[in-house]
Amino acid sequence: MRYGNADLQGKFVLGPMADYSDIAFRLLCRKRGAAMCFTPFANAAAIVRGIPATLQIMKTCKEEMPVGIQIFGSDEKIMAEACRIIDQKVACGELFASCIDINFGCPSGTVTRAGAGAALLKNPQKIAGIVSACASASQLPITAKIRAGWASDNSMEIARAIERGGAVGITVHWRTATEGRKRSCGWAVVGEVKRSVGIPVIGNGGATTPEKAVQFLQEAGCDAVMVSSGALGNPSIFKRANWLLSGRLPEPAGWNEKLEDFQEYVRLAEKHGILSPKPLRSHAIKFLSGFRGVKKARQQLNLANGVEEIIAIVEGFTPAPHL
Ligand SMILES: Cc1cc2nc3c(=O)[nH]c(=O)nc-3n(C[C@H](O)[C@H](O)[C@H](O)COP(=O)(O)O)c2cc1C
């Protein structure tokens, strides 16, 4: 399927995750079979002001293509200007992107109080205006990521507004912004959106195992499935979901495989100049999670100051045997 201006070679993509879907993690997920990845969301106003930390969040490279650069904001003029800036950076080879993805799904108070992210779900007309302004400002295709609605499901109306605005793809997280994470399955919402628009639809939410990712894809009938939290510390979920889709039954990843993936993350982070204690610690904790006996290692990680120390803790970890 085509998403943005790229033909995807697979059905499972890595979702945008603030503090986690950094360039090294995206490259790792691509190596492990993700068909496409998304950067964490970047504040459109900060892009326009040229804030270095925000430009760092948007940093992408040629080898990871296809990749979507995600932005958020509430003012269509600023959003359009941010798209124009990204477009120029892509045109001159400073950035790489197959689409600019607009976030209409973040439920966090700091984002919604500013009228951005999921707050816009209350106003499909405004969403259409933002998408249209962004599409006019940029040669790069525009895509959007939504939730089903603010407090109730109006996903079809929102999706049609996005298509009307000129977007070429849409990702639908089937939960509403206010409902939390309790409900574990609402894939039908994604199927309804798929049937109500003509642009490609990626389903998202709860694809936390290869089995659930494949089931989501097949039951919702969407074009692809976005895996976000299920890939944290577990990039080989993409390989396993691909295997499962082709009829091969995968075993869960053991510690040796996880350790190799962590070490590969470290190599990629070093190569791309982002190896530093804070993100490395966050990733390390995710790689360890789910194994027996991680409590002590987690405590050590929380106290560790340097990159070498964090790597040594992960490399020194051995899962406790099952009794
Ligand atoms: C740590 C974290 C950071 C996230 N940051 C973003 C983000 O920057 N942009 C976005 O659209 N969604 C973000 N999300 C939401 C996910 O992309 C996804 O929509 C949500 O977690 C549901 O999918 P999942 O069940 O596969 O995790 C984030 C989620 C997590 C767990």
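Fair warning: this is a prediction, and the values are worked out from it, not measured in the lab. For every chain, the first residue of its written sequence is number 1, and the numbers climb from 1 along that sequence. Reporting in this predicted model follows two pLDDT cut-offs: at least 70 for local features of residues, and 80 or more for side-chain atom pairs to be given and counted; totals over whole chains, interfaces and linings ignore these cut-offs and use all residues.

1. Comments concerning the overall build of the protein
Per the convention used, a helix needs a DSSP run of H or I reaching at least four residues, while a strand needs a run of E reaching at least two, with both numbered from the N terminus. Broken down by element type, the protein carries 14 helices and eleven strands. With the radius of gyration taken over C-alpha atoms, the globule rule is written as 2.2 Å times the number of residues to the power 0.38. Taking 20 Å as the expected radius of gyration for a compact globule of 323 residues, we find that the protein reaches 19 Å, a close match to that expectation. Across its three principal axes, the protein shows a C-alpha extent of roughly 55 × 40 × 35 Å. Out of the 323 residues in the protein, the part that is buried amounts to 51%. Any residue pair is listed as a contact if its two C-beta atoms, each placed from the backbone, are within 7 Å. In the protein, once contacts between residues fewer than 6 apart in sequence are set aside, the share between residues at least 24 apart is 70%. As a rule, residues whose C-beta atom has 12 or fewer other C-beta atoms within 10 Å are exposed, those with 20 or more are buried, and those in between are partly exposed; C-beta atoms are placed from the backbone.

2. Some points on helix α4 (residues 76–91)
An expected span of 1.5 Å times one less than the residue number is assigned to each helix. With 16 residues, α4 extends 22 Å between its outermost C-alpha atoms, agreeing within 8% with the 22 Å of an ideal straight helix rising 1.5 Å per residue. Within the sequence span of α4, burial applies to Ile78, Met79, Ala80, Ala82, Cys83, Ile85 and Ile86. Count one or two residues on from α4 and you reach Gly93, which has phi positive near 80°.

3. A closer look at the site of the ligand
With respect to spatial proximity, 22 residues lie near the ligand, and among them Gly15, Met17, Phe41, Ser228 and Ser229 are the closest. Taken together, the residues of the shell around the ligand break down into nine nonpolar, twelve polar and one charged. By definition, a residue lies near a molecule or strand when the C-beta atom built from its backbone is within 6 Å of it. Under this grouping Gly is polar, as are all residues other than the nonpolar Ala, Val, Leu, Ile, Met, Phe, Trp, Tyr, Cys and Pro and the charged Asp, Glu, Lys and Arg.

4. Some points on the pairing of strand β10 (residues 201–204)
The alternating pattern of β10 places Val201 and Gly203 on one face and Ile202 and Asn204 on the opposite face, and all of these are buried. Following DSSP output, two strands are said to pair if at least two bridges run between them. Pairing between strand β9 (residues 169–173) and β10: four bridges, direction parallel. Across the sheet, the residue bridging to Thr171 is Ile202, located in β10. Tracing the backbone out of β9, into helix α8 (residues 188–196) and back to the parallel element β10 gives a crossover that is right-handed. Here three bridges tie β10 to strand β11 (residues 224–227), and the two strands are oriented parallel to one another. What sits directly across from Ile202, in β11, is Ala224. By convention, orient the strands away from the viewer: a clockwise path from the first strand over the helix to the second makes the crossover right-handed. In this fold, the crossover linking β10 to β11 by way of helix α9 (residues 210–220) has right-handed handedness.

5. Things to note about the pairing of β11
Here β11 shows two buried faces, one formed by Ala224 and Met226 and the other by Val225 and Val227. The pairing of strand β3 (residues 12–14) with β11 spans three bridges and is parallel. What sits directly across from Phe12, in β11, is Val225.

6. Structural notes on the domain arrangement of the protein
Residue ranges for the domains originate in an automatic or database domain assignment. The domain boundaries assigned to the protein delineate domain 1 (2–245) and domain 2 (255–316). Domain 1 and domain 2 are separated by 27 Å when their C-alpha centres are compared. With twelve residues of domain 1 at the interface, the matching set in domain 2 holds 15 residues. Class assignment for the residues of the side of domain 1 that touches domain 2 results in eight nonpolar, two polar and two charged.

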